[in-house]
Amino acid sequence: SQTIHQWPATLVQPVGSPLSLECTVEGTSNPNLYWYRQAAGRGLQLLFYSVGIGQISSEVPQNLSASRPQDRQFILSSKKLLLSDSGFYLCAWSRGRDFYTDTQYFGPGTRLTVL
Amino acid sequence: QQQVKQSPQSLIVQKGGISIINCAYENTAFDYFPWYQQFPGKGPALLIAIRPDVSEKKEGRFTISFNKSAKQFSLHIMDSQPGDSATYFCAARAIIQGAQKLVFGQGTRLTINP
């Protein structure tokens, strides 16, 4: 079976500091990978997605960037955090093929607080 | 056109009652409609999903009803239990450039009173 991991689970960072959040998927190959942000009490906003190693599509221009150095690894980064970057960050994966009944499966999330 | 509108924003149901959450969409390119359940501090978990060529899908106490002509779909939770208290998100999927894009509703906070 497939498993998705995210770390850290929680993070408190000062404004202006860098950020690196990591997501890894086990039990599948060539997944599509996604980063979402969820503000408190709000819906999910797609930030980035990737259909393969080194391929990143950005949905919303902002202070963040993403990279996919390995097939099952997805990293969310920032050089300088803003207060508005606080939120719950979710990584998700999908199979990337056989779309008929496939959908996205989410990780446990990282709670980021920027002070 | 990319929006999915979800209602109500919050819902309180007595234990044993039926919880109903509704969603509507405009984009006919959407081809799959999952529902997610999210508990506080956790990632959303896939609950049930339906294709638009099916009018109803049932899994245990959870049923999706789908009306393709009206571009509406709904989640029914029968015999609602306190453990069902969570936030529910409907979503609609489109395949764009080889990737799945999910458009989410704004969520419904469901509370089941014992």
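You'll find the structure just up there.
Basis of the calculations
- Residues numbered from 1 in each chain as written.
- Chains lettered and ligands numbered in written order.
- Predicted model: local features only at pLDDT ≥ 70, side-chain atom pairs only at ≥ 80, totals over all residues.
- Heavy atoms only, no water.
- Patch = residues over 30% accessible without salt bridge, like charges linked within 9 Å, V, L, I, M, F, W, Y side chains within 5 Å.
- Areas by Shrake-Rupley, 256 points an atom, 1.4 Å probe, with all protein chains shown as cover.
- Salt bridge = Lys/Arg side-chain N within 4 Å of Asp/Glu carboxyl O.
- Helix = DSSP H or I, 4+ residues; strand = E, 2+ residues; numbered from the N terminus.
- Buried < 20%, exposed > 50% of the residue type's maximum accessible area, 1.4 Å probe, protein only.
- Contact = heavy atoms within 4.5 Å.
- Buried area = accessible area lost by both parts, 1.4 Å probe.
- Polar contact = N/O pair within 3.5 Å; in protein donor to acceptor, adjacent residues only side chain to side chain.
- Nonpolar A, V, L, I, M, F, W, Y, C, P; charged D, E, K, R; others polar.

Undergrad: Quick one: what's the story with a nonpolar patch on the surface, residue by residue and with numbers?
TA: All names here are of chain B. There is a patch of nonpolar side chains on the surface, built from Ile18, Ile20 and Met78 and spanning about 240 Å² of accessible area. Topologically, Ile18 is positioned in the loop between β2 (10–14) and β3 (19–25). By relative accessible area, Ile18 is classed as partly exposed at 45%.

Undergrad: I'd like a description of the interface of chain A and chain B, backed by residues and values.
TA: A common measure of how large an interface is: the accessible area buried when the components associate. Taken together, the 26 residues of chain A in the interface contact 24 residues of chain B. Summed over both sides, the interface of chain A with chain B buries roughly 2000 Å², with 54% coming from carbon and sulfur. On inspection of chain A and its partner chain B, the count reaches one salt bridge. A salt bridge links Glu59 of chain A to Lys101 of chain B, with the shortest nitrogen-to-oxygen separation between them at 3.1 Å. Scanning the region where chain A abuts chain B turns up eight residue pairs in polar contact (both at pLDDT 80 or more). Of the residues that constitute the side of chain A that touches chain B, the class distribution is 13 nonpolar, nine polar and four charged.

Undergrad: Account for the pattern of salt bridges, with residues named and values stated.
TA: Residue and element names in this part refer to chain A. Taken as a whole and assessed by the stated rule, the structure comprises eight salt bridges over all chains. The salt bridge involving Arg37 is made with Asp85; its shortest N-O contact spans 3.7 Å. On the criterion of sequence distance, the pair formed by Arg37 in strand β4 (residues 32–38) and Asp85 in the loop between β8 (73–78) and β9 (87–94) is long-range, its members being 48 residues apart. You'll find Arg37 and Asp85 in the same group, each marked buried.

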